[in-house]
Amino acid sequence: MRFHKPAFFLFTLFVSAALFAQTANESKLPPLDHFSLDQVDRSIDPCENFYQYTCKKWIANNPIPGDEAFWGPDGKLTLWNESVLHEVLEAAAKNDAARTSVQQKIGDYYFSCMDESSRNSKGIAAIKPELDRIDALTDKSQLAAALALLHQNTFSLASATDSGSKAALFGFSSGQDLDDATKVVAQLDQGGLGLPDRDYYLKDDAKSVETRKQYQEYIAKLFQLAGDSADSAKAHAEVIMHMETALAKSSMDIVMRRDPANLNHKLSGAELKALTPLFSWDDYIRPLAPPATAHYLVATPDFFKGINQLIATEPLDNWKTYLRWSLINNSSNQLSDDFVNANFDFYGRDLLGKRELEPLWKRCVRGVDRDLGEALGQAYVERAFSPEAKQRMLKLVTALNQAMAEDIAHLDWMSSTTKPEALKKLAGIEDKIGYPNRWRDYSSLTIVRGDAAGNAYRSSQFELHRQLEKIGKPVDRNEWGMTPPTVNAYYDPQLNTINFPAGILQPPYFEKEMDDAVNFGEIGATIGHEMTHGFDDEGRKFDPTGNLRDWWTKEDGKEFEKRVQCIDDEYSGFEPLPGLKLNGKLTLGENTADNGGTRIALMAFENTLTDKQKTVKTDGISPVQRFFIAYGESWCGILTPEVERLLAQSNPHSPNEFRVNGVVSNMPEFREAFGCKKGQPMVRENSCHVW
Ligand SMILES: [Zn+2]
């Protein structure tokens, strides 16, 4: 997730833009999954466990690759997309004078990343000037200017969630004002944690204690690789744990963060200074030179008070250690292999349960996608996304829109005062499909062949300044929060848009060769999912223009709360690992979207059928059964136990099994289609229904 939209602002489909498998054959693209009735395990009663009915065979036939932490059709598609990009980049990396400027940038970035021997011979020396600058600090009053430099160099690196790195101390960027979505203002948010979430620092269970021990060992390892003696590396690791734990204690927890009102604090420059008097905001802002802001949107003021406290109590040497740590940790994947491997051992192996590091080409493709995503994305769209695909997708979106409008119109729990507002919001959703109308201009970004760390730093500087330049200007509605090859989708409540990158509009989510039942069950449910996010526990708090404004009557708000409580209770009962329950409040928005999205997709599909067509069975399967099987198959997947734990603790998405069974067990349409009886596991006694 990109920092400039704090996590709660974008409601996505998947856990992350997945990672993937075996080295692809250079000249051949890896296979994709497709909908298939052969995948169904007919020895299992669909009313007993629908997820097993649709996915048991898939799971048996698709062991998790060693360099993956989760694996499903989305992982296969990501591998396919990255293999396409791999071919594009191999060609662009040839030092050919005929290359276009875009080809030079993506090609030389990729080449520098792939040049392992050069990165290995430089080692930590690649970032020595930055380390020397930190070393030369003589007074805590210089901390702010040093942090501004660090933020410029690591802005994008720190937002790469798969390595767990985070912005040093706090995040600074721009974003839409919560009360006036037409305005772009400067935003400040908590940050500074190398572990995935504040709870990782504060919980006392055996697993949390073990993870902290592994993390502290990793910190010491990195300091040693950077030249510290074993003893001082160990002492420095203790300082980092101590300081990050203090930051964790001042951080707002993830469930609190789900209510946008908790993050809506407008501060003037003077108020910001008063909040953190020991931090020189003038020295921080000056080198970044952002345009004037109407005010600062400070998500978590208490966190900034905590920073002030920490500046007061920690000596200069500890701050230098902290800055050095943040620089090295965020840069480790751009350095020599010993840094890359140490980073993998903790973030890949210990935290995610991967068995091996991804091959270099994949890591480099991801680097280009992160830093030059819309330059690389143009080539992906040319290769893999046709205008016909866009047209069919638009038709599906229109059908889903109509179905959701019917759903709202017929709700028995919503009054005639709130309904027109809900319909207005629905009608106002803009559909963005495939790729941006206008590609990002990277011409001011210099990419130097052979300078891997420098390319990453310059890309971060480019991106931070691009974000800051938006302050005070009209909102750019053309902007995308994901790159075109991404296998994911999102709803943006402040723009009121649903966004489907070309990367997800491929099998088995969108299948040009397949019938409507399949496509409504696959991508249709996803379209419904993203639309429903506009009406989930968070999304409903934004109005059609993206402002944080309550458009519900009090009574209707209460009725809504009552209905989502049912979903909260349902998912809180799920136990992915023995003793580890899902957090029903953390996953509430995603679960509401899964339930609403699937129901609306089914309505839209049934609208395409005559009564007679509904009863016609093909291969012994009715159209509605086919819809549900396509839905189930699209969610097949396996996770390492480590990821299962990570998700349960800090991710708003439920594990796949519950995204299938948790939904169908609420649906009378499912019961009817498969002839399920009361008392069977896929028939919930108190079934939940919001949308
Ligand atoms: Zn979602």
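Reading the values: rules and limits
Residues numbered from 1 in each chain as written. Predicted model: local features only at pLDDT ≥ 70, side-chain atom pairs only at ≥ 80, totals over all residues. Heavy atoms only, no water. Disulfide = S-S within 2.5 Å. Helix = DSSP H or I, 4+ residues; strand = E, 2+ residues; numbered from the N terminus. Buried < 20%, exposed > 50% of the residue type's maximum accessible area, 1.4 Å probe, protein only. Salt bridge = Lys/Arg side-chain N within 4 Å of Asp/Glu carboxyl O. Contact = heavy atoms within 4.5 Å. Phe/Tyr/Trp six-rings, centres within 6.5 Å; stacked < 30°, edge-to-face > 60°. Lys NZ or Arg CZ within 6 Å of the ring centre and 35° of its normal.

With that settled, the discussion passes to the state of the cysteines. Here the structure, examined in full by the defined rule, presents four disulfides. One disulfide bridge connects C55 with C636, the sulfur atoms lying 2.0 Å from each other. When the S-S torsion is -85°, as for the bridge of C55 with C636, the disulfide is left-handed. Taken as a pair, C55 in helix α1 (residues 50–61) and C636 in the loop between α23 (623–634) and β10 (638–639) lie far apart in primary sequence, 581 residues in all. Note that C113 is cross-linked by a disulfide to C364, the S-S spacing being 2.1 Å. In this structure, the disulfide formed by C113 and C364 twists by about -85° around the S-S bond and is classed as left-handed. Linking C113 in helix α3 (residues 101–114) with C364 in helix α15 (residues 360–384), this pair joins segments that are 251 residues apart in sequence. Here C113 falls in the buried class, since its relative accessible area comes to 17%. A relative accessible area of 0% means that C364 is categorised as buried. In the chain, the bonded cysteines, numbered by position in the sequence, are linked as 1-7, 2-6, 3-4, 5-8.

Below, the discussion takes up the pattern of salt bridges. Enumeration over the complete set of coordinates arrives at 48 salt bridges. Across the pair E561 and R540 runs a salt bridge, and its minimum N-O distance is 2.8 Å. Of this pair, E561 sits in helix α20 (residues 554–572) while R540 sits in the loop between α19 (516–533) and α20, placing them 21 residues apart in sequence. Classification of R540 by relative accessible area gives buried; the value is 8%. Taken together, the shared-partner salt bridges in this structure form one network comprising E374, R440, E463, R466, K470 and E479.

In this section: the environment of N329. Take N329: it is sitting in helix α13 (residues 316–331). N329 sits in the buried class, given a relative accessible area of 5%. On a C-alpha basis, the gap between N329 and P652 in space is 26 Å, while along the polypeptide they are 323 residues apart. Look past the residues within four positions of N329 in its chain and what remains in contact with it is Y218, L222, N343 and Y347.

What follows concerns the packing of aromatic side chains. Throughout the structure, instances matching the rule amount to 42 aromatic pairs. With centroids separated by 6.2 Å and ring planes inclined at 80°, the aromatic side chains of Y53 and F674 adopt a geometry described as edge-to-face. Placement of Y53 in helix α1 and of F674 in helix α26 (residues 668–674) is noted, with a sequence separation of 621 residues between them. A relative accessible area of 6% means that Y53 is categorised as buried. Judged by its relative accessible area of 12%, F674 falls in the buried class. For the ring pair W552 and W691, a centre distance of 6.4 Å and an interplane angle of 65° mean the geometry is edge-to-face. With a gap of 139 residues between them, W552 in the loop between α19 and α20 and W691 in the segment after α26 connect regions that are remote in the sequence. According to the relative accessible area criterion, W691 is buried, its value standing at 1%. In textbook terms, an aromatic cluster arises when at least three aromatic residues are bridged by ring pairs, as seen for F50, Y53, F520, F605, F627, F628, F670 and F674. Across from the ring centre of F535, 5.6 Å away, lies the NZ or CZ of K425, which sits over that ring. In this structure, R540 is placed above the aromatic ring of W552, and the distance from its NZ or CZ to the ring centre is 4.7 Å.

Keep in mind these values describe shape, not function.
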